[in-house]
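# Examination of the molecular architecture
Here is how the chains run, residue by residue.
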Amino acid sequence: VQLQASGGGLVQPGGSLRLSCAASGNIFSIDYMAWYRQAPGNQRELVAHITSGGQTNYRDSVKGRFNISRDNAKNSVYLQMNSLKHEDTAVYYCNVHCGTSDGDWGLYWGQGTLVTVSS
């Protein structure tokens, strides 16, 4: 299973970005999909997650500004980020819990995409 993340870049404070992450490979089913981030000198932290049923959860600092969604037909997860702040600067990673047709379940990580919020 491979995850390909994209959509990062440089944006001014108050701007928006949309991150995408597509899973490919021998995938049978995906339940949990999430976005994490890691700023320099900090630990990786959970930003948002979405279950197979569409339930979502966000860390407090992004509530009302970020929106996580998924497209099951495309094995993809998205993160719409609005009203971006300097403190949102980080490398963003997608994370997926999925099962393969071999019956194995595991957690997989994307390669990370850098988001820089700066004027």
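Summarised in this report is the structure supplied together with it. Predicted model, so just to flag it, every value in this text is computed and none were measured.

So, on to the overall build of the protein chain. Per the secondary structure count, the protein chain includes zero helices and eleven strands. Taken from N to C terminus, the helices and strands of the protein chain fall in the order β-β-β-β-β-β-β-β-β-β-β. Whereas a compact globule of 119 residues would reach a radius of gyration of roughly 14 Å, the protein chain reaches 14 Å, a difference of no more than 12%. Counting only C-alpha atoms and orienting by the principal axes, one finds that the protein chain spans roughly 50 × 25 × 25 Å. Expressed as a percentage of the 119 residues in the protein chain, the buried residues total 41%. Across the protein chain, contacts joining residues at least 24 apart in sequence account for 53% of those joining residues at least 6 apart. For the protein chain, the exposed area adds up to about 6100 Å²; of that, 45% sits on carbon and sulfur atoms. Distance from the positive charge centre (9 side chains) to the negative charge centre (8 side chains) of the protein chain: 8 Å.

Take the environment of Ala48 next. One can find Ala48 in strand β5 (residues 45–50). Looking at Ala48, the relative accessible area reads 0%, which means it is buried. With 34 residues separating them along the chain, Ala48 and Gly14 place their C-alpha atoms 20 Å apart. Here Ala48 is in contact with Met33, Ala34, Trp35, Asn57, Tyr58, Ile68 and Leu79, once residues within four sequence places are set aside.

Spatial strand order, β1-β3-β8-β7: four strands in an open sheet with antiparallel pairing. Each having just a single partner strand, β1 (2–6) and β7 (66–71) make up the two edges of the open sheet. Averaged over all neighbouring strand pairs, the angle between strand axes comes to 15 degrees, with direction disregarded. Summarising the sheet, β1 and strand β3 (residues 17–24) pair through five bridges and their orientation is antiparallel. Bridge assignment links Ser6 to a residue of β3, and that residue is Ser20.

Across all of its chains, the model carries two aromatic pairs by this definition. Centre to centre, the rings of Tyr93 and Trp109 are 6.4 Å apart; their planes meet at 85 degrees, and the pair counts as edge-to-face. Highlighted residues: Tyr93 in strand β9 (residues 90–100) and Trp109 in strand β10 (residues 105–109), separated in sequence by 16 residues. An aromatic cluster is defined as three or more aromatic residues linked by ring pairs; in this entry it consists of Tyr36, Tyr93 and Trp109. One cation-aromatic arrangement involves Arg18 over Tyr78; the distance from NZ or CZ to the ring centre is 4.2 Å.

Cut-offs applied
Residues numbered from 1 in each chain as written. Predicted model: local features only at pLDDT ≥ 70, side-chain atom pairs only at ≥ 80, totals over all residues. Heavy atoms only, no water. Helix = DSSP H or I, 4+ residues; strand = E, 2+ residues; numbered from the N terminus. Rg over C-alpha atoms; globule rule 2.2 N^0.38 Å. Buried < 20%, exposed > 50% of the residue type's maximum accessible area, 1.4 Å probe, protein only. Contact = heavy atoms within 4.5 Å. Areas by Shrake-Rupley, 256 points an atom, 1.4 Å probe, with all protein chains shown as cover. Lys, Arg positive; Asp, Glu negative; His and termini not counted. Charge placed at Lys NZ, Arg CZ, Asp CG, Glu CD. Pairing = 2+ DSSP bridges. Axes fitted to C-alpha atoms, helices over the stretch in contact; angles between N-to-C directions. Phe/Tyr/Trp six-rings, centres within 6.5 Å; stacked < 30°, edge-to-face > 60°. Lys NZ or Arg CZ within 6 Å of the ring centre and 35° of its normal.

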